[in-house]
Amino acid sequence: MNQSFDHLVFIGRFQPFHQGHHFVVKTALAHAKSVVMLIGSANTPRTIKNPFTLDERKQMILGSFSPEEQARIICVGVNDTLYNDHRWLQDIQHAIHGVVPTDARIGIIGHHKDASSYYLSLFPQYDSFLVDNYQALSATPLRHAYFGDDPIAYQHAFDKLTDSSQAFLHKFYQTPDYQKLKQEYRHIKAYQDSYKDSPYPPSFITADAVVVQSGHILLIERGGDYGKGLYALPGGFVDNNETFFAAAVRELGEETGLNLSLEEATHHLKSAQLFDDPTRSARGRTVTMAYHFELPARNTLPAVTGADDACRAFWLPLHELDAGQMFEDHHAIICQLLKI
């Protein structure tokens, strides 16, 4: 065995862990004393894109190897830091050197799959170890088959998993969490089918309000099938006859009962930013303009009431913000605008 590295680092979400991932880890084990698995999206709620928790993914990964191999695999969770590559790189470096010495021979192992693999060029301090994309496997179609209604695609997807992942997914299939995610997948599929005959894939435009007062942020709890129960910013689609700003103010009033005039909203406006990550919404390309409003500090917070698409509206202390409870990229939007 030619172990040219002390540690090879494999970065991914592993949603779920499939035979392509297994191939990379086996290759890494043949060339390094240990493999550090940096498991991304460790701080997200269950969604179609990230259906499995950090511990569940660790279970799938480690169960796919012998006890001797497991002893050489180190699994570490890494949080999402969308819209802040510097923070993400810092977190990756902290994660690596939290488990291996700084003077060790370290390499980043992976393959150039698509645009999401650009991170392989972001670590000049480490060597790169590129491997082939095993059978061109990707977790995305496997997830879609798992939550879809085509039994042939379902079985084909299972054939691409490790035995450990198959056993876990068979068990997960019986849980309420699976049924909730399947309902959400059907909602997303129906939403996408509604525009499948369009000559060009549409882009949707929305506006969101980040309202802060006295160390609290105004949030809603989502109703409906998509993101039900998750916390979100008040916001929604922009009508054809209004500006982004007017839409944010209107949606704020409709979903929370906090009614501001355009003049009041302009007075309280602190900043605004466009968020256009192509993958920010599972339903389709959605671009949002988010506005940060800072209300004057007072002893009491304004009364709010959830309506329209919101089950409820509420003020949350900023220190209680939890990315694992937030809808889509709303936690990242808040962090970006509030610089927290």
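Residues numbered from 1 in each chain as written. Predicted model: local features only at pLDDT ≥ 70, side-chain atom pairs only at ≥ 80, totals over all residues. Heavy atoms only, no water.

Draft legend 1. Inspection of the sheet that holds strand β3 (residues 73-77) at higher detail. The 5 strands are arranged β3-β2-β1-β4-β5 in an open sheet whose pairing can be described as parallel. A strand with exactly one partner marks an edge of an open sheet, and here the two such strands are β3 and β5 (127-130). This sheet shows a mean twist of 30° between the axes of neighbouring strands, independent of strand direction. Pairing of strand β1 (residues 5-12) with strand β4 (residues 106-110) involves 4 bridges; the strand directions are parallel. Note that in β4 the partner of F10 across the bridge is I109. Contacts between helix α1 (residues 19-31) and the sheet are confined to β1, β2 (32-39), β3, β4 and β5, with β2 contributing the most and set at about 145° to the helix. (Pairing = 2+ DSSP bridges. Helix = DSSP H or I, 4+ residues; strand = E, 2+ residues; numbered from the N terminus. Axes fitted to C-alpha atoms, helices over the stretch in contact; angles between N-to-C directions. Contact = heavy atoms within 4.5 Å.)

Draft legend 2. Examining the pattern of salt bridges more closely. Counting across every chain of the model gives 15 salt bridges. The partner of D6 in a salt bridge is K33, and the shortest N-O contact between them spans 3.4 Å. With D6 in strand β1 and K33 in strand β2, this pair connects stretches of sequence that are 27 residues apart. Note on D6: relative accessible area 13%, which makes it buried. When the shortest N-O distance is used, the salt bridge between E242 and R250 registers 2.6 Å. Exposure remark for E242: the relative accessible area of 18% places this residue in the buried category. If you follow the salt bridges from partner to partner, you end up with D239, E242, R250, E251 and E254 in one network. (Salt bridge = Lys/Arg side-chain N within 4 Å of Asp/Glu carboxyl O. Buried < 20%, exposed > 50% of the residue type's maximum accessible area, 1.4 Å probe, protein only.)

Draft legend 3. Structural detail: the packing of helix α5 (residues 139-147) against helix α6 (residues 151-158). For the pair α5 and α6, interaxial distance at closest approach is 8 Å and the crossing angle is 135°. What the angle tells us is that α5 and α6 run oblique. The handedness of the crossing between α5 and α6 comes out as left-handed. Residues L142, A145 and Y146 of α5 pack against A153, Y154, A157 and F158 of α6. In the contact of α5 with α6, the residues fall into 7 nonpolar, no polar and no charged. (Parallel < 35°, antiparallel > 145°, perpendicular 65-115°, else oblique. Left-handed = near helix turned anticlockwise from the far one by under 90°. Nonpolar A, V, L, I, M, F, W, Y, C, P; charged D, E, K, R; others polar.)

Draft legend 4. Examining the environment of F244 more closely. Relative to the elements of secondary structure, F244 occurs in helix α9 (residues 244-256). Residue F244 is classed as partly exposed on the basis of its relative accessible area of 28%. Residues within four places of F244 in sequence aside, it is in contact with I205, T206, A207, V238, M289 and Y291.

Draft legend 5. Layout of the environment of R13. The topology assignment puts R13 in the loop between β1 and α1. Note: C-alpha distance between R13 and A42 (29 residues apart in sequence) is 8.4 Å. The contacts of R13, once residues within four sequence positions are left out, are I39, G40, S41, K49, N50, R57 and R143. At 2.8 Å, the side chain of R13 forms a polar contact with the backbone oxygen of K49. Within the local environment of R13, its side chain forms a polar contact with the side chain of N50, the two groups lying 2.7 Å apart. (Polar contact = N/O pair within 3.5 Å; in protein donor to acceptor, adjacent residues only side chain to side chain.)

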